[in-house]
Amino acid sequence: MERVVAKFGGSSVADGVQIRKVKAIVEADPRRRIVVVSAPGKRHSAEAKLTDLLYLCHEMAAMSTDIGEPFGLIRDRFTEIAAQLGLKTDVVALLDRFGEELTAGCSRDYAASRGEYFSARLIAEYLGGEFVDPAQYIIVRPNGTLDPLSYKQLGDRMHDTSALYVMAGFYGSDRNGKIKTFSRGGSDISGAIAARAAGAMLYENWTDTSGILMADPRIVDSPQTIDEISFREIREMAYMGASVFHDEAILPVREAGIPIRIRNTNRPDDAGTLITAQLSENTIVATEIAGIAGRKDFSMICLEKSLMNKEVGFAHRLLGIFRDQGVSFEQCPSSIDSISVIVEDAQLQGLDELILDEIRRQLEPDQLFLERNLALVAVVGEGMVRTVGIAAKIFNALKEAEINVRIINQGASEMNIIIGVAADDYEKAVRALYAAFVVDSRTVSARFS
Ligand code: ASP
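These figures come from a predicted structure and were not determined experimentally.

(A) Expanded view of the sheet that holds strand β10 (residues 273–276). Taken in spatial order, the eight strands of this open sheet run β3-β4-β2-β1-β7-β9-β10-β8, and their pairing is mixed. The open sheet has two free edges, formed respectively by β3 (130–132) and β8 (228–230), since each of these has just one partner strand. Neighbour-to-neighbour, the strand axes of the sheet open up by a mean angle of 20°, direction not taken into account. Taken together, the three bridges between strand β9 (residues 260–264) and β10 define a ladder with antiparallel strand orientation. Bridging across to β10, Ile260 finds its partner in Ile275. On the sheet, helix α7 (residues 187–198) packs against β1 (4–8), β2 (32–37), β4 (165–168) and β7 (202–207) and is oriented at approximately 155° with respect to β2.

Structure follows, in structure tokens:
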């Protein structure tokens, strides 16, 4: 039987009420045979995330401080969930043992992993599924990447297509069996690994929003949800700041050609967003772009030098200066006698004068200056290079909004057009572009012409 992996994030397993919704979702589709869960998330904005409490306990224990208060909150969360769901597991005994491990100096990763571990144990009992401890099957290398042997091991463990498995997200172990977590939000990665290991037909990522939005809802009022987006597009959107899901979670399923669907546990009838290798004909015909994303806090180092184009290795030497300072760059637009390097402010901090001095010394530019407070906005869409009028629409919208365009860059991926504007114009630019592509284009022309 074809199987679906359903991964439920922190808000979907925050308490008994949410976990009942999880059960209803799992039971609604017999193909949902593999469930991957996060640690309980916040029930309201003022509450601490359980994983944060675990890190706090570990930190306090390491300083030999009494962990009673944060540990009490963790204990309360799990005992409450067990009580709400009428579970038999002796949570108190499990947590007491864990409390002793914390005070005895367990590792930071081990401490953090227990949020997912207890969550999965309780949910496995509630759903009547087999608990799968990823520590035994998922191997995380010292550099944090996945050992591909994990797919085989996990696939073997979950070979029975009729069984229901419930796996803890967020962690695996190193070659010596020591618990190792992924980076924050890493249960998304675990779900993707499970999907690939099981050869699933679909990876469902259940969260608290009905999919990925076409623009940042803090800037655009009620932006539309993206129905379908390609793996390539989602990379661009995520890179340019759109909050999607963990970007490392894309690779395992993308390589295996397994689509992802982002869905809302609180609105299970909403279709959500499908992330796929190949966009459907319908999407291609009905939409011009996938979305608009962007980020602030960039600076641009601009230099001019006559006959720069004739100097072999000029750009190489320029970028070498950034490399020598350990600064990575974002974009590098250039023309005949000028070139600019756009860098994230966080990267440049404290190094700007040093870099400018080195450029002066090594490259002897005619002009050199640093421009701060820039924002980059990306209009993302697979087929925009082949669609007539996209650039015109972008620049017309920005002109109408009286926004001065500082940088224009169409990357080699031919997947987006990136525009640099003053940081103060950032929100206005996003709104103007959204209006041009979405609001004014409800009856849109073909995405690919
Ligand atoms: N619980 C972990 C975190 O808060 C992992 C996850 O939820 O995906 O980062």
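Moving on, there is more to tell.
(B) Region of interest: the site of the ligand. Close contacts around the ligand come from Ser38, Lys49, Thr51, Glu116, Phe170, Arg184, Gly185, Gly186 and Ser187, and that covers them all. In isolation the ligand has 270 Å² of accessible area, and contact with the protein removes 95% of it. Of the residues that constitute the shell around the ligand, the class distribution is one nonpolar, five polar and three charged.

(C) Focus on the pattern of salt bridges. If you walk through the whole model with that rule in mind, you get 29 salt bridges. Across the pair Lys7 and Asp188 runs a salt bridge, and its minimum N-O distance is 2.9 Å. With a gap of 181 residues between them, Lys7 in strand β1 and Asp188 in helix α7 connect regions that are remote in the sequence. Here the two residues Lys7 and Asp188 agree in accessibility, since each one is buried. Close ionic contact of Arg31 with Asp29 constitutes a salt bridge, the shortest N to O distance being 2.8 Å. Look at the salt bridges and you will find they share partners, linking Arg43, Glu47, Arg77 and Glu80 into a network.

(D) View of helix α2 (residues 50–62). Between its first and last C-alpha, α2 extends 18 Å over 13 residues, near the 18 Å set by a 1.5 Å rise per residue. Those residues of α2 not exposed but buried are Leu50, Thr51, Leu53, Leu54, Tyr55, Cys57, His58, Met60 and Ala61. Tucked into the core, α2 has its buried residues touching α3 (68–85), α4 (91–103), α5 (108–127) and β6 (179–181). Backbone geometry just after α2 places Ser64 at a positive phi near 55°.

(E) Expanded view of the packing of aromatic side chains. The full count for this structure, using the stated rule, is seven aromatic pairs. Their ring planes at 15° and their centres at 5.9 Å tell us that Phe8 and Trp206 sit as a pair that is stacked. Here Phe8 is found in strand β1, whereas its partner Trp206 is found in strand β7, with 198 residues between them in sequence. For the residue pair Phe8 and Trp206, the accessibility class agrees, reading buried in each case. Taken together, the ring pairs connect Phe71, Phe78, Phe98, Tyr110, Tyr117, Phe118 and Phe131 into an aromatic cluster. Here the guanidinium or amino end of Arg114 rests over the ring plane of Tyr171, the centre of that ring lying 5.5 Å away.

(F) Representation of helix α11 (residues 314–324). Residues of α11 that are buried: Phe314, Leu318, Gly320, Ile321 and Phe322. In this fold, the buried residues of α11 make contact with β11 (291–304), β12 (338–344) and α13 (352–363). Downstream of α11 by one or two residues, Gly326 has phi in the positive range, about 70°.

(G) Representation of the pairing of β2 within the structure. In terms of burial, β2 is largely enclosed, as six of its six residues are buried. Pairing of β1 with β2, which is carried by five bridges, proceeds in the parallel orientation. Among the inter-strand pairings, Phe8 is bridged to a residue of β2, identified as Val37. Since β1 and β2 lie parallel, the crossover through helix α1 (residues 16–28) that links them has a hand, and here it is right-handed. Two elements, β2 and β4, share four bridges in a ladder whose sense is parallel. The partner of Ile34 across the bridge, within β4, is Tyr165.

(H) Representation of the packing of α2 against α4 within the structure. Running from N to C, α2 and α4 point in directions that differ by 45°, and their axes come no closer than 8 Å. By the angle class used here, α2 and α4 are oblique. In contact with Leu54, Cys57, His58 and Ala61 of α2, α4 contributes Phe98, Leu102 and Thr103. Among the residues forming the contact of α2 with α4, the class breakdown is five nonpolar, two polar and no charged.

Rules and cut-offs
Residues numbered from 1 in each chain as written. Predicted model: local features only at pLDDT ≥ 70, side-chain atom pairs only at ≥ 80, totals over all residues. Heavy atoms only, no water. Pairing = 2+ DSSP bridges. Helix = DSSP H or I, 4+ residues; strand = E, 2+ residues; numbered from the N terminus. Axes fitted to C-alpha atoms, helices over the stretch in contact; angles between N-to-C directions. Contact = heavy atoms within 4.5 Å. Near = heavy atom within 4 Å. Areas by Shrake-Rupley, 256 points an atom, 1.4 Å probe, with all protein chains shown as cover. Nonpolar A, V, L, I, M, F, W, Y, C, P; charged D, E, K, R; others polar. Salt bridge = Lys/Arg side-chain N within 4 Å of Asp/Glu carboxyl O. Buried < 20%, exposed > 50% of the residue type's maximum accessible area, 1.4 Å probe, protein only. Expected span 1.5 Å × (residues − 1). Phe/Tyr/Trp six-rings, centres within 6.5 Å; stacked < 30°, edge-to-face > 60°. Lys NZ or Arg CZ within 6 Å of the ring centre and 35° of its normal. Right-handed = clockwise from strand over helix to strand, strands pointing away. Parallel < 35°, antiparallel > 145°, perpendicular 65-115°, else oblique.

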